[in-house]
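Given next are the chains, with one letter for each unit.
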Amino acid sequence: MSRARNTYLVLHGFQNHRPPGHWQHWLAGALAERGHEVRYPQLPEPDAPRLADWLAALEEHGKRPTGIRAEGEFVVLAHSLGVLLWLRAVAAGRAPEADRVLLVAPPSPQVTASIPEIAEFADGLDLDGVRTRLTVPTRLVYGDGDPYCPEGADLPYGIPLGLDLDHVPDGGHLNPDHGYGAWPSILEWSENPAVRVRGNQ
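Residues numbered from 1 in each chain as written. Predicted model: local features only at pLDDT ≥ 70, side-chain atom pairs only at ≥ 80, totals over all residues. Heavy atoms only, no water.

### Describing the overall build of the chain
Phase 1 of the analysis: Of regular secondary structure, the chain possesses seven helices and six strands.
Phase 2 of the analysis: Its helices and strands in sequence order give the chain the pattern β-α-β-α-β-α-β-α-α-β-α-β-α, from N to C terminus.
Phase 3 of the analysis: The C-alpha atoms of the chain give a radius of gyration of 16 Å, which matches the 17 Å a tight globule of 201 residues would have.
Phase 4 of the analysis: Structurally, the chain occupies a C-alpha span of about 50 × 40 × 30 Å along its principal axes.
Phase 5 of the analysis: Counting every position in the chain, which comprises 201 residues, the buried fraction comes to 52%. (Helix = DSSP H or I, 4+ residues; strand = E, 2+ residues; numbered from the N terminus. Rg over C-alpha atoms; globule rule 2.2 N^0.38 Å. Buried < 20%, exposed > 50% of the residue type's maximum accessible area, 1.4 Å probe, protein only.)

### Section: the pattern of salt bridges
Phase 1 of the analysis: Taken as a whole, this structure holds twelve salt bridges when the rule is applied.
Phase 2 of the analysis: A salt bridge links Arg 139 to Asp 164, with the shortest nitrogen-to-oxygen separation between them at 2.8 Å. With Arg 139 in strand 5 (residues 138-143) and Asp 164 in strand 6 (residues 164-168), the pair connects residues that are 25 residues apart, well separated along the chain.
Phase 3 of the analysis: For Arg 139, a relative accessible area of 5% translates into the label buried.
Phase 4 of the analysis: Of the charged contacts, one joins Arg 196 and Asp 166 as a salt bridge, the two residues approaching to 2.6 Å between their closest N and O atoms. (Salt bridge = Lys/Arg side-chain N within 4 Å of Asp/Glu carboxyl O.)

### Some points on the sheet that holds strand 2 (residues 37-39)
Phase 1 of the analysis: Here six strands make up an open sheet; going across it, the order is 2-1-3-4-5-6 and the pairing parallel. Taken across any chain shown, the strands that pair with only one partner, and hence form the sheet edges, are strand 2 and strand 6. Recorded for the sheet is a direction-independent mean angle of 15° between the axes of neighbouring strands.
Phase 2 of the analysis: Pairing geometry for strand 1 (residues 7-11) and strand 3 (residues 74-79), over five bridges, is parallel. Within the sheet, the bridge partner assigned to Leu 11 lies in strand 3 and is Ala 78.
Phase 3 of the analysis: Relative to the sheet, helix 7 (residues 184-191) contacts strand 1, strand 3, strand 4 (100-104) and strand 5, its axis offset from that of strand 4 by approximately 160°. (Pairing = 2+ DSSP bridges. Axes fitted to C-alpha atoms, helices over the stretch in contact; angles between N-to-C directions. Contact = heavy atoms within 4.5 Å.)

This is the structure in structure tokens:
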């Protein structure tokens, strides 16, 4: 009997047009090659995103699979501003029903608020509301030296929300600029949640 295939929802960040060199693009291809269903939508207006539009897109693409696909896990992987999108959806009670979630390199509330194009994603972010509604196993992966979260994402998000944490030394923003195109460790986690996510160094 074959193993049930999973469904993955991959959420990108600010100014991300799903470039082939990004680990999310690489991961989407690798998972599809293994027979999984992968949803990697281009979120609306990535250079000037509106929270309402991104929440609507999340609801559209976050519907749980039915039929034979429903036998596998529904897994969400979000990077950068996609993490704040997920947290805002959780706080509002609008997050899709997932089996597990991986949040990678979110920008800090202060940095997000300082960038006019994305400031509304941080404005009024209710971490107490997130913590109350966060019932899905959720892991936060973050790196040292992230210019978008210089204090380390464990401080504004991981510790207050009680998240499972994977720290990547010298990981930066965990994007192609910091050496994260192909990322074997995150592919391992995608199929086995017991795996700890490691860096590429």
